[in-house]
Structure formats: structure tokens, C-alpha cells
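Structural overview for review
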Amino acid sequence: MKLLITDDEYATRSAIKHLIDPAKVSINEIFEAENYEQAIQVILNHKPQIIITDIVMPVHNGISLIDWILQFSKDSQVIAVSGHDNFSFIKSTLQRGVVDYLLKPLDIDELNNALQKAVNRYEQQMEYYKLKKEGITSEGVREASTCHPVMLEVQKYIKMHYTQQIRQQEIADYFFISKEYLSRKFKQEFQVSMVDYINQLRINRAKELLTAPSAKVNEVALAVGFSDEKYFSTVFKKITGMSPKNYYLTN
């Protein structure tokens, strides 16, 4: 795996390199960039699979870089780092599907865990492409051959994208199966509907975010994939037994 570290501070870039545990994460090449422009050049020239970027940088910040990556290097997995425990930063990066948001000074275990998660995500993405390439055009044959292993890939896909506005039709199209078959097979394999499964993931993440002192219910809702705050509150209360506001106040 190739890794790009983007941070305007040399000391931070150096620290990240020294914190990487080669026994836990297989990184073959490490590149550095101190700003947005340098990072883009490295990405275009070397195509790193994993990118660590600081959020607060001069001129163009890390959010701008993440937006560029989403458009031009969408397979790259991004880990955001920052010295600011600012919920608006956390929300912005989560909505963009980053692997993790780490606070400086970086913890060695958190960094290596995030890197391993990024490696896993990248490998899963490559497996998705392989499945799509091997898609069979006959609906009947396709459904007959789409059994438990593919449902596990669907589950992985959902875990990677649940904070975004994903829909069942989008997932079905991605895996070349019908929406009806996807819904029926998913419930058969996991004993829960896909909608309930996605909502459970979102509420679990929301509970974590609501422990932040600066958390706001409407921002948390958006961060975990709900576009409607009222619906978020309804789902949250159904699963936890209390409203998001009361959960925030008691935690």
C-alpha cells in the first residue's frame, strides 16, 4: 500500500511516519505533502491508496482536499487528523465518508487501527469491482448465484457508506441484483430488514457523537446520514427509548 501524509507541519508528518507499526499495517511507500497543491500532485503521480490529511491548513484546508479526492481519486481511503475537537469538522469529514477522524497529539494505537481500517476498506472496494466485473447478465442466473457471500459484501458496503444518503436501489444496482431480491435476501441472511440495519448503525454512531460537549442534535442527524431531524429523533427514540436531546443531557 502507498500512503500520503499531508500536513503543513514537518514535525507532524515525521511523527506519523514513526508511529506506523509495520507489524500491523502493510505500507510499502510513504509520500509527504505540506499543502493542498503538493498533495494533488503526489496523488496524480503516485496514486496512493491511503491518504492522511490535516484538516486545518493554510489557503486550502483538508476538507477541500477531501472533496477533490472524492471527485478525482475516489478509491483512495482518507484519514482526517486535527488539533481541534470541533464538532463541525467532525461532521464535515464524516459526511464525506472518511475512514476516521483523529485528534492530535496522535495515539499510536488509534493511528494504526485507522490505517488498518483504511487498508480493509480499500481491499473491500477492489473486491466490489471484481464482483461487478464478473456480473452475469441473466437475472435468473444472477439471483441463483447471489447467495450468502455477496450478502456479506453488501453488509460491508453498508458499513462503509451508512453515514451517506444510501438507498436500497443504489445498493442493488451496485451489486447487479434487483431491489426486491436484495431486500428479501438481506432479511433472510441477517434476520433484520436493511432499513432497520442501517438505522441501527446510524443510531449507534449518533450515540457516540452525542457525548461530545459541542454536539447539536441537527448536526448529529446529518453526520450519521439522516436528512430529516424529526425522523432521526423518531428513530433514535424507538431504538434507545429516549430522545436525542435527553440522551445528550444524560451523557
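So, here's what we can say about the structure.

Rules behind the numbers
- Residues numbered from 1 in each chain as written.
- Predicted model: local features only at pLDDT ≥ 70, side-chain atom pairs only at ≥ 80, totals over all residues.
- Heavy atoms only, no water.
- Helix = DSSP H or I, 4+ residues; strand = E, 2+ residues; numbered from the N terminus.
- Buried < 20%, exposed > 50% of the residue type's maximum accessible area, 1.4 Å probe, protein only.
- Contact = heavy atoms within 4.5 Å.
- Right-handed = clockwise from strand over helix to strand, strands pointing away.
- Pairing = 2+ DSSP bridges.
- Expected span 1.5 Å × (residues − 1).
- Phe/Tyr/Trp six-rings, centres within 6.5 Å; stacked < 30°, edge-to-face > 60°.
- Lys NZ or Arg CZ within 6 Å of the ring centre and 35° of its normal.

Observations concerning the environment of L111
- Mapped onto the elements, L111 comes out in helix α5 (residues 108-133).
- With a relative accessible area of 0%, L111 lands in the buried category.
- Each C-alpha atom, one on L111 and one on T211, is 21 Å from the other, the two residues being 100 residues apart in sequence.
- Apart from residues lying up to four places away in sequence, L111 is in contact with I16, L19, I52 and L102.

Concerning the pairing of strand β4 (residues 77-82)
- With 6 of 6 residues buried, β4 lies mostly within the body of the structure.
- Here β4 shows no split at all, with Q77, I79 and V81 on one side and V78, A80 and S82 on the other all buried.
- Taking the sense of rotation as the criterion, the β-α-β connection linking strand β3 (residues 50-54), helix α3 (residues 62-72) and β4 turns out right-handed.
- Relative to strand β5 (residues 100-103), β4 is paired through 4 bridges, and the arrangement is parallel. In the strand pairing of β5, S82 is matched with L103.
- Traced from β4 through helix α4 (residues 87-95) to β5, the parallel crossover comes out right-handed.

Some thoughts on helix α10 (residues 194-209)
- Relative to the 22 Å expected for 16 residues at 1.5 Å per residue, α10 spans 23 Å between its end C-alpha atoms, a close match to the ideal helical length.
- Within the span of α10, buried status applies to M194, Y197, I198, N199, L201, R202, I203, A206 and L209.

Examining the packing of aromatic side chains
- Scanning all chains against the criterion turns up 8 aromatic pairs.
- Pairing F186 with Y197 gives two aromatic rings, centres 5.4 Å apart and planes at 65°, and the pair type is edge-to-face. You can see F186 sitting in helix α9 (residues 179-190) and its partner Y197 sitting in helix α10, a full 11 residues away along the chain.
- Ring geometry for F190 versus Y197: centroids 6.5 Å apart, planes at 25°, classification stacked.
- Overall, the relative accessible area of 18% leaves F190 in the buried class.
- On the basis of relative accessible area, Y197 is assigned to the buried category, the value being 14%.
- Three or more aromatic residues joined by ring pairs make a cluster, and in this case those are F226, Y231, F232, F236 and Y247.
- We note R202 situated over the ring of F226; from NZ or CZ to the ring centre the distance is 5.3 Å.

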